[in-house]
Every structure is written in structure tokens, then in C-alpha cells.
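Breakdown of the fold
Here's the letter readout for the chains.
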Amino acid sequence: SSFDDLMTDITNAIAVENRLRSKNEKLEIPDTSSIRRRLAKPENSTVLKRNLSKREQKNSGEVHTKEKATRPLEVVQLDSTSLPFFVVDEVDGMPLGRPYLTAGQDEATRMLCWYMNFGSGGYDESIMLMMQQLILPSPDYRELYETKNLYPVCGIPETVVTDQGRDFISKSMKQALTALGIIHDQNPAWRPWLKGIIERYFRTIATKLLKGNPGYTGTNPQMLGDYDPLKDAVVSYKAFMQIFHIFVVDIYPYTDHRGIDPI
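Read on for an overview of the structure. Treat the numbers as computed from the prediction; the structure is a model and nothing was measured.

**Describing the overall build of the chain**
Secondary structure assignment for the chain yields nine helices and seven strands. Per-residue burial for the chain yields a buried fraction of 37% across its 263 residues. Within the chain, counting contacts between residues at least 6 apart in sequence, those at least 24 apart form 61% of the total. About 16,400 Å² of surface is accessible on the chain, with carbon and sulfur atoms providing 52% of the total.

**Brief notes about the nonpolar core**
Counting 27 residues, the largest nonpolar core has Trp114, Tyr151 and Phe240 as its most contacted members. Every element with two or more residues in this core is listed here: strand 4 (100-106), strand 5 (112-117), helix 7 (196-210) and helix 9 (237-251). Val76, Ile127, Leu134 and Ile182 belong to the second-largest nonpolar core, a separate cluster that totals 13 residues.

**Digging into unusual backbone geometry**
Positive phi outside glycine occurs at Leu73, with the angle close to 70°. Structurally, Leu73 can be placed in the loop between helix 3 (54-60) and strand 1 (75-82). You can call Leu73 buried: its relative accessible area is 18%. At Glu146, a residue that is not glycine, the phi angle is positive and equals roughly 60°. Considering the arrangement of structural elements, one finds Glu146 in the loop between helix 5 (141-145) and strand 6 (159-162). The exposure class assigned to Glu146 is exposed, which follows from its relative accessible area of 61%.

**Quick word on the pairing of strand 4**
Within strand 4, seven of the seven residues are buried, which leaves the element mostly enclosed by the surrounding structure. A two-sided burial pattern is seen for strand 4, the buried positions comprising Tyr100, Thr102, Gly104 and Asp106 on one face and Leu101, Ala103 and Gln105 on the other. Pairing of strand 1 with strand 4, which is carried by seven bridges, proceeds in the antiparallel orientation. The partner of Val76 across the bridge, within strand 4, is Asp106. Two strands pair when backbone bridges link them, and strand 4 and strand 5 are joined in this way by six bridges, in the antiparallel orientation. Note on strand 5: the bridge partner recorded for Leu101 is Met116. Between strand 4 and strand 5, which pair antiparallel and follow one another directly, the connecting turn spans five residues, one of which, Arg110, has a positive phi of 70°.

**Some remarks on the packing of helix 7 against helix 9**
Where helix 7 meets helix 9, the closest approach of the two axes is 12 Å, and the angle between their N-to-C directions is 115°. The hand of the helix 7/helix 9 crossing is right-handed. On helix 9, the residues that touch Tyr201, Thr204, Ile205, Lys208, Leu209 and Leu210 of helix 7 are Phe240, Ile243, Phe244, Phe247 and Val248. The residue makeup of the contact of helix 7 with helix 9, split by class, is nine nonpolar, one polar and one charged.

**Considerations on the pattern of salt bridges**
Inspection of every chain in the model, using the stated rule, returns three salt bridges. The salt bridge involving Arg142 is made with Asp140; its shortest N-O contact spans 3.0 Å.

**Focus: the side chain of His245**
Checked against the element boundaries, His245 lands in helix 9. Under the relative-accessibility criterion, His245 is labelled buried at 2%. Other than its neighbours up to four places away in sequence, His245 contacts Trp114, Tyr141, Tyr145, Thr147 and Asp250.

**Topic: the environment of Val153**
The residue Val153 is located in the loop between helix 5 and strand 6 in this model. Residues Val153 and Leu134 lie 19 residues apart in sequence; the distance between their C-alpha atoms is 6.9 Å. Val153 has contacts with Met111, Leu112, Gln133, Leu134, Leu136 and Ser138, leaving out every residue within four places of it along the chain.

**Let's talk about the packing of aromatic side chains**
Under the criterion given, the structure shown has nine aromatic pairs. Plain terms: the ring middles of Tyr201 and Tyr252 are 4.7 Å apart, the flat faces sit at 90° to each other, and that makes the pair edge-to-face. One end of the pair, Tyr201, is in helix 7; the other, Tyr252, is in the segment after helix 9, and 51 residues separate them in sequence. Owing to a relative accessible area of 0%, Tyr201 belongs among the buried residues under this scheme. We classify Tyr252 as buried; its relative accessible area is 9%. The structure contains a cluster of three or more aromatic residues connected by ring pairs, namely Phe85, Trp114, Tyr141, Tyr145, Tyr151, Phe240 and Phe244.

Calculation rules
- Residues numbered from 1 in each chain as written.
- Predicted model: local features only at pLDDT ≥ 70, side-chain atom pairs only at ≥ 80, totals over all residues.
- Heavy atoms only, no water.
- Helix = DSSP H or I, 4+ residues; strand = E, 2+ residues; numbered from the N terminus.
- Buried < 20%, exposed > 50% of the residue type's maximum accessible area, 1.4 Å probe, protein only.
- Contact = heavy atoms within 4.5 Å.
- Areas by Shrake-Rupley, 256 points an atom, 1.4 Å probe, with all protein chains shown as cover.
- Core = buried A, V, L, I, M, F, W, Y, C linked by side-chain atoms within 4.5 Å.
- Pairing = 2+ DSSP bridges.
- Axes fitted to C-alpha atoms, helices over the stretch in contact; angles between N-to-C directions.
- Left-handed = near helix turned anticlockwise from the far one by under 90°.
- Nonpolar A, V, L, I, M, F, W, Y, C, P; charged D, E, K, R; others polar.
- Salt bridge = Lys/Arg side-chain N within 4 Å of Asp/Glu carboxyl O.
- Phe/Tyr/Trp six-rings, centres within 6.5 Å; stacked < 30°, edge-to-face > 60°.

Given below as C-alpha cells:
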């Protein structure tokens, strides 16, 4: 139990301290009743508490009773991530790094808007351009990336949901959303499951699109063993962008998703 662990720690600490003390100065181990009385004091109420796991935080967190989005652009979840995949320059074959994806996903339709670069994000670069893609009509990806379908995804969302990342709560972000009349729903820190739709999409990109290809780093670098994804990377940035757009435009919208039917 937690109390037994605490008593063990106290006993060990006293034993270590007594090594430096003379026989007449040695400390005595307090009895359990004395320890329990001290723990009962209000100022010591957190001594036996530990940090909750992510699952425990989720189960004990606030109950969100907001209704499920039922129409396009009612709620769009925003997030960004570094994709677990190295791409190379198509001319000299030198590694460019891992693409940084900033994306927004509509809760009702699961349709996506995105911006890709090799930086670390930031409102003025990634988020602004991602929002621009969301609001303005999409280009013809059939000409740009040889997709089979158009991607008629555009419009001003009613609400965007973000975490507490500094890029999503910046002054520029707040000003832009206010000017467009968009409600900003900010989730509490360290609660990624509250925007689970976009989080699941990032996992889908990693497992369905990238996994198994040269340059894939995996979601846990410790599991790579002797495999060096940077050394084995062969996919050029141009090829990666074509593959990504075909997946987003031609494949993902036509597959089953939790809670909705495919197109």
C-alpha cells in the first residue's frame, strides 16, 4: 500500500542518516500511529498522492456534455504534429527532415484542411496558412498531385477547438478568430483526448500511410533497434506530398470512420 511504501522510505532514510551519527545521537524510527496522525493534518493531505496516469486523468476529468457536431464546419479541431517520417531532397538525396503537419479536421464530416512545412509551426506561418486553406476553395489537386477527385472543402467554421499550445493561444490567433467571428474553444492542458478526432487522424497517417516505408521513424524511437530511418530515407519531398494528397483526397474520405459513414 502507499502507507507501507511511505514507512519503508522513512525507515531507509533514517538508517542512512544514522550512519553519520554517533551511538547517542541516532534517530529512532517513529511508530505508525505517529505517522498517521501527521498525515491526517490538512497541510499533509497530498503526501500519499501520486500523479494520475493518462487513463486515470481521462476517467476522473471533467465530464463534457457538449452535443456532437451534426453539420459541416460546426466544430473544427485544430492541432499540429511532426510526422514520424524522413524525406529527402529530390536533387541531391540529402535528408530534409520530418514534415511538420498543421491540420484542422471537421467533427461532423472528418474532412481535413492542412499545411505542411519543415519548421516548428507558429501562427504566422503554419496556422495562418492552414486556416487559409480551410476558408478558401481548395486548388485542383488533380493537376497538382494527380489525385482522382476534387476536394471541395472550404468555409468559415463556427467553432475551432485547440489545446493550450502557445501557437493556438497567441494574440494573432485570437485577433484573427475574433475578426472572423469564430468561437475559440480551448481545452485544458494535457488533455489530448478532448480533441480525439484530430489525434486519431495523426495516428492514422502514421500507421496507414507511413508505416513500413523507408524513412519511417515509428512513434517510439526506442523500438527501432539497429534500423536507421535517416540513413534509409529515399522518398523525396515531391513524392511524399503526392502520396499524402492522394491519401487525404482519394482514400481517407471514402473509408469508414467512427461515428459517420464514408462518402
